[in-house]
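Chain residues, written in single-letter form:
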Amino acid sequence: MIDNAISRLAGYAFRSGLIEECDRTWAINTILDVLKLDSYTEPAEKDWETGDIELAPILEELLDDAYARGVLTENSVVYRDLFDSELMGRLTPRPNEVREKFHFLYKDDPEAATDWYYAFSQDTNYIRRDRIAKDIQWKAPTEYGNLDITINLSKPEKDPKAIAAAKNLPASAYPRCQLCAENEGYAGRVNHPARQNHRIVPITINGSPWFLQYSPYVYYNEHCICLNSEHVPMKIDRACFGKLLDFVRQFPHYFVGSNADLPIVGGSILAHDHFQGGRYTFAMEEAPVETPFTFPGFEDVEAGIVKWPMSVVRISSENPERLIDLADKLLLAWRGYTDEDAFIFAETDGEPHNTITPIARRRGDKYELDLVLRNNITTEEHPLGVYHPHAELHHIKKENIGLIEVMGLAVLPARLREELAAVADALVSGADLRSSELTEKHADWAEGFSGNYTITRENALDIVRKETGLVFAQVLEQAGVYKRTPAGREAFLRFLNAAV
């Protein structure tokens, strides 16, 4: 009986703190309104009062019923997401209540504020716990530490009907992008996610108005996004360094970083200024400085080259202003730096190539900046980028190497769940890797490592995953502008000596 599911949803909202006990009748009536029902009988058994309540099965039951009655017109994931976001949006507290609670908690303890806000963002189903749980994750040991590998299954793929419907929609510039503050409470469309259950928190970074929210896809623990209150393009500059360091001053338990501001080496959204952060220790943070370096005039700042597959300068000091000054000098020097012997070109035909991916964190009383040197030059041999995964690695990773990958977390496409399992099965059975669409693109790779192991049904998938991690390490090496060779280190030091 659908009344049981309605009762449990209202009970879930109460148990999660989204509504008060006195709101129950209102909550049931607002659920009825979304479901286009005009009657309800309270179940005799109130099974929501004790034990754990799983939200996903409740929503599934309500959506199945809505589809059966014609209230939900299409039964694909896009339309179901639009519908259940409306349901949860009706039960989500208003923005002023959320902001008041966050800032009340922040006054005493920033960590308590983010703990509450992160749990709240899951309780509203903005972060879909059931989908995040489906992501496949593992650690891959490499010479650079344990890299994180994830096959992302939580971001839904659009279905053909939704794609067709989107083509018939009139052009819309509202919200201007999926990061804009105007997404808060937005009902969504087939080509834009619903955000009725989404709440953002205003923060001030380096004197300018920004917002804090969490990523709905959570690639790592407490994966947050800081977004400029205005829809302005990404820009790596002195002010950017100041904002990053001011954020970790206010939230010392979080790191924060910015994607680079050029295509190929930047993120997927360059049109809206934003950072990504969270509470997670990436392999990059644990990587040591292997070549200390002292910059003239900045003898008080600890600096050096990090043992990492990409080209990283780490600087640290108790005084953030000193880091801003040095980072700005390094950025300006790198923007205009050309070293033809190392195939580093500041620009070609007027197109700039050099930029930086910066990451900020606290380490005890010190502030720390990792400055990752990036270059987006392309050639006929490497049309997607010289410092980008090369063609022989595209069977695993072809997409841009953004901030998250730079720090040591591979976000791999969903297709690899089935493909890697098929490779493992073929290695066990001895099947021809080139005879299947699932394994053909991986054949050269798998044949290359299979002779190094005694492969059994019990260990095959673990071996394939380990080797996938080693491919990701190669991906990061190819994205590094200075290679980890004597010649590469000499070229890296040439830049550092010329920079300040």
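Up top is the structure these notes are about.
The text that follows walks through the structure, step by step, so that each part is easy to find. (Residues numbered from 1 in each chain as written. Predicted model: local features only at pLDDT ≥ 70, side-chain atom pairs only at ≥ 80, totals over all residues. Heavy atoms only, no water.)

### Considering the overall build of the chain
Right, so step 1: Assigned secondary structure in the chain consists of 16 helices and 15 strands.
Right, so step 2: In terms of overall dimensions, the chain is globule-like: its C-alpha atoms have a radius of gyration of 25 Å, near the 23 Å expected for 500 residues.
Right, so step 3: The buried share of the chain, reckoned over its 500 residues, is 54%.
Right, so step 4: Sequence separation of at least 24 residues holds for 65% of the intrachain contacts in the chain that already meet a minimum separation of 6.
Right, so step 5: For the chain, the computed accessible surface area is about 22200 Å², with 49% contributed by carbon and sulfur atoms.
Right, so step 6: Side chains of the chain give 53 positive and 78 negative charges; the mean places of these two sets differ by 2 Å. (Helix = DSSP H or I, 4+ residues; strand = E, 2+ residues; numbered from the N terminus. Rg over C-alpha atoms; globule rule 2.2 N^0.38 Å. Buried < 20%, exposed > 50% of the residue type's maximum accessible area, 1.4 Å probe, protein only. Contact = heavy atoms within 4.5 Å. Areas by Shrake-Rupley, 256 points an atom, 1.4 Å probe, with all protein chains shown as cover. Lys, Arg positive; Asp, Glu negative; His and termini not counted. Charge placed at Lys NZ, Arg CZ, Asp CG, Glu CD.)

### Side note on the sheet that holds strand β13 (residues 354–363)
Right, so step 1: Spatial strand order, β3-β4-β5-β7-β6-β13-β14-β10-β9-β8: 10 strands in an open sheet with antiparallel pairing. Sheet topology places β3 (201–205) and β8 (289–292) at the edges, where each strand pairs with a single neighbour. On average, adjacent strands in this sheet sit at an angle of 30° to one another, irrespective of strand direction.
Right, so step 2: Sheet analysis places strand β6 (residues 255–257) next to β13, joined by two bridges and oriented antiparallel. Looking at the pairing, Gly257 lines up with Ile359 of β13.
Right, so step 3: Helix-sheet contacts for helix α5 (residues 95–108) involve β3 and β4 (208–214), and the interaxial angle to β3 is about 50°. (Pairing = 2+ DSSP bridges. Axes fitted to C-alpha atoms, helices over the stretch in contact; angles between N-to-C directions.)

### Concerning unusual backbone geometry
Right, so step 1: Residue Pro175 follows Tyr174 across a cis peptide bond; omega there is -15°.
Right, so step 2: Along the chain, the position of Pro175 falls in the loop between α8 (160–167) and β3.
Right, so step 3: Residues other than glycine seldom take positive phi values, yet Phe343 does so here, at roughly 55°.

### A closer look at the sheet that holds strand β15 (residues 409–412)
Right, so step 1: Overall, mixed pairing links the three strands, which are arranged β1-β2-β15 in an open sheet. Two strands lie at the open edges of the sheet, namely β1 (136–142) and β15, each paired on one side alone. Sheet twist, expressed as the mean angle between neighbouring strand axes with direction ignored, is 20°.
Right, so step 2: The pairing of strand β2 (residues 145–151) with β15 spans four bridges and is parallel. In the strand pairing of β15, Ile149 is matched with Ala410.

### Let's talk about the nonpolar core
Right, so step 1: The biggest cluster of nonpolar side chains holds 98 residues, and the ones touching the most others in it are Leu9, Leu87, Phe247, Ile315 and Tyr482.
Right, so step 2: In contact with Tyr482, other than residues within four places in its own chain, are Ser311, Trp334, Tyr337, Ala342, Ile344, Leu373, Gly488, Ala491, Phe492 and Phe495.
Right, so step 3: Ala140, Tyr219, Val306 and Ala443 belong to the second-largest nonpolar core, a separate cluster that totals 53 residues. (Core = buried A, V, L, I, M, F, W, Y, C linked by side-chain atoms within 4.5 Å.)

### Here's the deal with the side chain of His198
Right, so step 1: Among the secondary structure elements, His198 is positioned in the loop between α8 and β3.
Right, so step 2: Not counting chain neighbours up to four residues away, the residues in contact with His198 comprise Tyr126, Asn183, Glu184, Gly185 and Gln213.

### Some points on the environment of Cys180
Right, so step 1: Along the polypeptide, Cys180 turns up in the loop between α8 and β3.
Right, so step 2: Remark: the alpha-carbon pair of Cys180 and Ala44, spanning 136 residues in sequence, is separated by 45 Å.

### Brief notes about the packing of aromatic side chains
Right, so step 1: Scanning the entire structure with this criterion turns up 26 aromatic pairs.
Right, so step 2: Taking the centre distance of 6.2 Å and the plane angle of 35° together, the rings of Tyr220 and Tyr280 count as tilted. Taken as a pair, Tyr220 in the loop between β4 and β5 (224–228) and Tyr280 in the loop between β7 (274–278) and α10 (283–286) lie far apart in primary sequence, 60 residues in all.
Right, so step 3: Overall, Tyr220 belongs to the buried group, its relative accessible area being 4%.
Right, so step 4: The rings of Phe102, Tyr106, Trp116, Tyr117, Tyr118, Phe120, Tyr214, Phe247 and Phe251 are connected pair by pair, giving a single aromatic cluster.
Right, so step 5: Sitting over the ring of Tyr367, Arg362 keeps its end group 4.1 Å from the ring centre. (Phe/Tyr/Trp six-rings, centres within 6.5 Å; stacked < 30°, edge-to-face > 60°. Lys NZ or Arg CZ within 6 Å of the ring centre and 35° of its normal.)

### Some details on the pattern of salt bridges
Right, so step 1: For the structure on display, the rule yields 39 salt bridges.
Right, so step 2: Put simply, Asp325 and Arg238 hold a salt bridge, and the shortest N to O gap is 2.5 Å. One end of the pair, Asp325, is in helix α11 (residues 320–335); the other, Arg238, is in helix α9 (residues 238–250), and 87 residues separate them in sequence.
Right, so step 3: Within this structure, Glu285, Arg314, Arg361, Arg363, Glu368 and Asp370 form a network of salt bridges that share partners. (Salt bridge = Lys/Arg side-chain N within 4 Å of Asp/Glu carboxyl O.)

### What to know about the packing of helix α3 (residues 55–68) against helix α4 (residues 77–91)
Right, so step 1: α4 packs onto α3 with a crossing angle of 115° between their chain directions and a minimal axis gap of 11 Å. Of the possible angle classes, the one that applies to α3 and α4 is roughly perpendicular. As for the relative orientation of α3 and α4, their crossing is right-handed in sense. Facing Leu55, Leu59, Glu60, Leu62, Leu63, Asp64 and Ala66 of α3, the residues of α4 in contact are Arg80, Phe83, Asp84, Leu87 and Met88.
Right, so step 2: Its residues placed into classes, the contact of α3 with α4 shows eight nonpolar, no polar and four charged. (Parallel < 35°, antiparallel > 145°, perpendicular 65-115°, else oblique. Left-handed = near helix turned anticlockwise from the far one by under 90°. Nonpolar A, V, L, I, M, F, W, Y, C, P; charged D, E, K, R; others polar.)

That's the geometry; what it means functionally is another story.
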